[in-house]
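Fold and contact review
Given next are the chains, with one letter for each unit.
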Amino acid sequence: MEIITKRVDELIEYEGNARRNDAGVAKVAESIKNFGFLNPITIDAKNVIISGHTRLKAAKQLGLEEVPCIVQNLSEEDSKLARIIDNKSHEYSTWDVGKLHQELDGIGMDFKTTFFTPNRDRKFFTDNKFLIFGNNELPITEDEYARLKAVYDEYIAKNKTYMGFVMFLTGGGEE
């Protein structure tokens, strides 16, 4: 597999991309700024992105003119499957929050703050006092809402991330 360099303006975003990635662009840009490209953008022979839409947007945000790419010669069907798999596969993984915090301890830069702050676009509660659980909104009382929101806010203040919150609530994590 060969990594080649392409001009940013040569790459074409796949118009059927189902992933909403705008909320992650700033974090990816920060990563690219600090470490460079850890993963090249994968494209097809016509320069259409298979995986790396967020990386391309981050590169544009940083004003980069060129990015590393890998060209894959896949059928149209396989390209679609590869896009979905690339975007969905992370959803099957979880974090061992205790080990994550151990790894972050002692690192010179404050990556806990930089990379693991809560995603402000992600909402767990609605203004109408519903708890968002997956694609469902579960009604909760004012008291339940206030108590859960207080625990959530305290967790974030202590850990600088929402990751591991459900494990914390259910007694399944070290937090």
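Along every chain, residues carry numbers that run from 1 in the direction the sequence is written. Given that the model is predicted, a residue must reach a pLDDT of at least 70 before its local features are reported, and side-chain atom pairs must reach 80 or more before they are shown or counted; all residues, however, enter totals for whole chains, interfaces and linings. Hydrogens and waters are ignored; side-chain quantities use all the structure's heavy atoms.

Remarks on the overall build of the chain
In terms of helices and strands, the chain carries seven helices and six strands. The N-to-C order of helical and strand elements in the chain reads β-α-β-β-α-β-α-α-α-β-β-α-α. Buried residues in the chain amount to 30% of all 175 residues. Across the chain, the fraction of contacts at a sequence separation of at least 24, relative to all contacts at a separation of at least 6, is 67%. With residues, only the protein chains shown are counted as cover, and all accessible areas are computed by Shrake-Rupley using a 1.4 Å probe. Counting every atom, the chain has about 12000 Å² of accessible surface; 50% of that belongs to carbon and sulfur. Numbered from the N terminus, helices here are DSSP runs of H or I no shorter than four residues, and strands are runs of E no shorter than two. Burial status follows relative accessibility: with a 1.4 Å probe on protein chains alone, a residue under 20% of its type maximum counts as buried, one over 50% as exposed, and anything between as partly exposed. Contacts are assigned to residue pairs that have any heavy atoms within 4.5 Å of one another.

Focus on the sheet that holds strand 1 (residues 3-7)
Pairing in this open sheet of four strands is mixed, and the strands run 1-4-2-3 from one edge to the other. Each end of this open sheet is capped by a strand with a single partner; those strands are strand 1 and strand 3 (49-51). Direction aside, neighbouring strands of the sheet carry axes that sit 50° apart on average. Pairing between strands is defined by DSSP: at least two bridges between them are needed. Pairing between strand 2 (residues 41-43) and strand 3: two bridges, direction antiparallel. Residue pairing for strand 3: threonine 42 is matched across the bridge by serine 51. Lines fitted to C-alpha atoms define the axes, with helix axes restricted to the stretch in contact, and inter-axis angles between N-to-C directions lie between 0 and 180 degrees. Across the sheet, helix 2 (residues 53-62) lies against strand 2, strand 3 and strand 4 (66-71), angled at about 110° from strand 3, the strand it touches most.

Topic: the packing of helix 1 (residues 25-35) against helix 2
At their nearest, the axes of helix 1 and helix 2 sit 8 Å apart, and the two run at 70° to each other. When the axis of helix 1 is compared with that of helix 2, the two are roughly perpendicular. Handedness of the crossing formed by helix 1 with helix 2: right-handed. On helix 2, the residues that touch Val25, Ala26, Val28, Ala29, Ile32 and Lys33 of helix 1 are Thr54, Arg55, Lys57, Ala58, Gln61 and Leu62. Under the scheme applied here, ten amino acids are nonpolar (Ala, Val, Leu, Ile, Met, Phe, Trp, Tyr, Cys and Pro), four are charged (Asp, Glu, Lys and Arg), and all others, including Gly, are polar. Considering only residue class, the contact of helix 1 with helix 2 consists of seven nonpolar, two polar and three charged. Under this scheme an angle from 65 to 115 degrees is roughly perpendicular, one under 35 degrees roughly parallel, and one over 145 degrees roughly antiparallel; angles in between are oblique. Take the far helix as the reference: if the near one is turned anticlockwise from it by less than a right angle, the crossing is left-handed, and if turned clockwise, right-handed.

Focus on unusual backbone geometry
Located in the positive-phi region is asparagine 47, a residue other than glycine, with phi close to 70°. Secondary-structure assignment places asparagine 47 in the loop between strand 2 and strand 3.

Let's talk about the environment of glycine 63
By secondary structure assignment, the location of glycine 63 is in the loop between helix 2 and strand 4. Looking at glycine 63, the relative accessible area reads 52%, which means it is exposed. Separated by 55 residues in sequence, glycine 63 and valine 8 have C-alpha atoms that sit 9.4 Å apart.

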